[in-house]
Amino acid sequence: MSDIHIRRTHTLTPEQARAAAERVAADLRDKHQLDFEWQGDTLVFQRSGVSGQLELDGDAVEIRMKLGFLLAMFRGAFEAEIHKFFDDEFGAA
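A. Quick peek at the environment of Leu70. The topology assignment puts Leu70 in the loop between β5 (60–67) and α2 (75–90). Residue class for Leu70 comes out exposed when judged on its relative accessible area of 63%. The sequence separation of Leu70 and Gly49 amounts to 21 residues, and the corresponding C-alpha distance is 7.2 Å.

Structural data, given as structure tokens:
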């Protein structure tokens, strides 16, 4: 298993942050076939070999992912993609 943990602050309203999180999740779904659902302010996602959550907390967004053995070799690519989405959707930190 390989873990990814990224936390960023932002200046978005709660509604804007939730919409940005939806866009990030939709892109991950489209590119990596991740299923997701909201549980309060936490967006939970999964697919075979990947699970995690994206949490909105006031002025911060935090993502935690667990990559299975076969996807662990792509950890760097996942991290780079997440940083890019956070820059694009939540503003550069």
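That was the structure; now back to the text.
B. Representation of the pairing of β5. Across the eight residues that make up β5, a large majority, six, are buried. Inspection of the sheet shows strand β1 (residues 2–9) paired to β5 by eight bridges, in the antiparallel sense. Across the sheet, the residue bridging to Thr9 is Ala60, located in β5. Relative to β5, strand β4 (residues 50–57) runs antiparallel, the two sharing eight bridges. For Asp57, the partnering residue across the bridge sits in β5 and is Ala60. Between β4 and β5, which pair antiparallel in sequence order, lie two residues; one of them, Gly58, sits at a positive phi of approximately 60 degrees.

C. Highlighting the packing of helix α1 (residues 14–32) against α2. The interhelical angle for the contact between α1 and α2, taken along N-to-C directions, is 145 degrees, at an axis separation of 10 Å. You can see that α1 and α2 cross each other, and the crossing is right-handed. Side by side, α1 and α2 meet where Ala17, Ala20, Ala21, Arg23, Val24, Asp27, Leu28, Lys31 and His32 of the first sit next to Phe78, Glu81, Phe85, Glu89 and Phe90 of the second. Residue composition of the contact of α1 with α2, by class: eight nonpolar, one polar and five charged.

D. Just the nonpolar core, in detail. Core analysis: the biggest nonpolar cluster contains 25 residues, and Val50, Leu54, Leu56, Ile63, Met65, Phe86 and Phe90 have the highest contact counts within it. Breaking this core down by element, the ones donating at least two residues are β1, α1, β3 (42–47), β4, β5 and α2. Setting aside anything within four residues of it in sequence, one finds Leu54 in contact with Ala21, Val24, Asp41, Thr42, Leu43, Phe45, Val61, Glu62, Ile63 and Phe86.

E. Just the sheet that holds β3, in detail. Taken in spatial order, the five strands of this open sheet run β1-β5-β4-β3-β2, and their pairing is antiparallel. Two strands in the sheet have a free side with no partner beyond their single neighbour: β1 and β2 (35–39). For this sheet, the mean angle separating the axes of adjacent strands, direction not counted, is 15 degrees. α1 contacts β2, β3 and β4 of the sheet and is inclined by roughly 160 degrees relative to β2. Contacts from α2 reach β1, β4 and β5, with the element oriented near 15 degrees to β1.

Cut-off values and rules
Sequence order sets the numbering: in each chain, residues are counted from 1 along the sequence as written. Totals for whole chains, interfaces and linings use every residue, but because this is a predicted model, local features are given only for residues with pLDDT of at least 70 and side-chain atom pairs only at 80 or more, for both listing and counting. Working from all heavy atoms in the structure, the side-chain values ignore hydrogens and water. Here a strand is any run of E in DSSP of at least two residues, a helix any run of H or I of at least four, and the numbering for each starts at the N terminus. Accessibility here uses a 1.4 Å probe with only protein chains present; expressed as a share of the type maximum, an area under 20% marks a residue as buried, one over 50% as exposed, and anything in between as partly exposed. Whether two strands pair comes down to DSSP finding at least two bridges between them. Axis lines are fitted through C-alpha atoms, for helices just across the contact stretch, and the angle between N-to-C directions can take any value from 0 to 180 degrees. By definition, turning the near helix anticlockwise from the far helix through less than a right angle yields a left-handed crossing, and turning it clockwise yields a right-handed one. By the convention used here, residues are in contact when the closest approach between their heavy atoms is within 4.5 Å. Amino acids are sorted into nonpolar (Ala, Val, Leu, Ile, Met, Phe, Trp, Tyr, Cys and Pro), charged (Asp, Glu, Lys and Arg) and polar (every other residue, Gly among them). What is meant by a nonpolar core is a set of buried Ala, Val, Leu, Ile, Met, Phe, Trp, Tyr and Cys residues, joined one to another through side-chain atoms within 4.5 Å.

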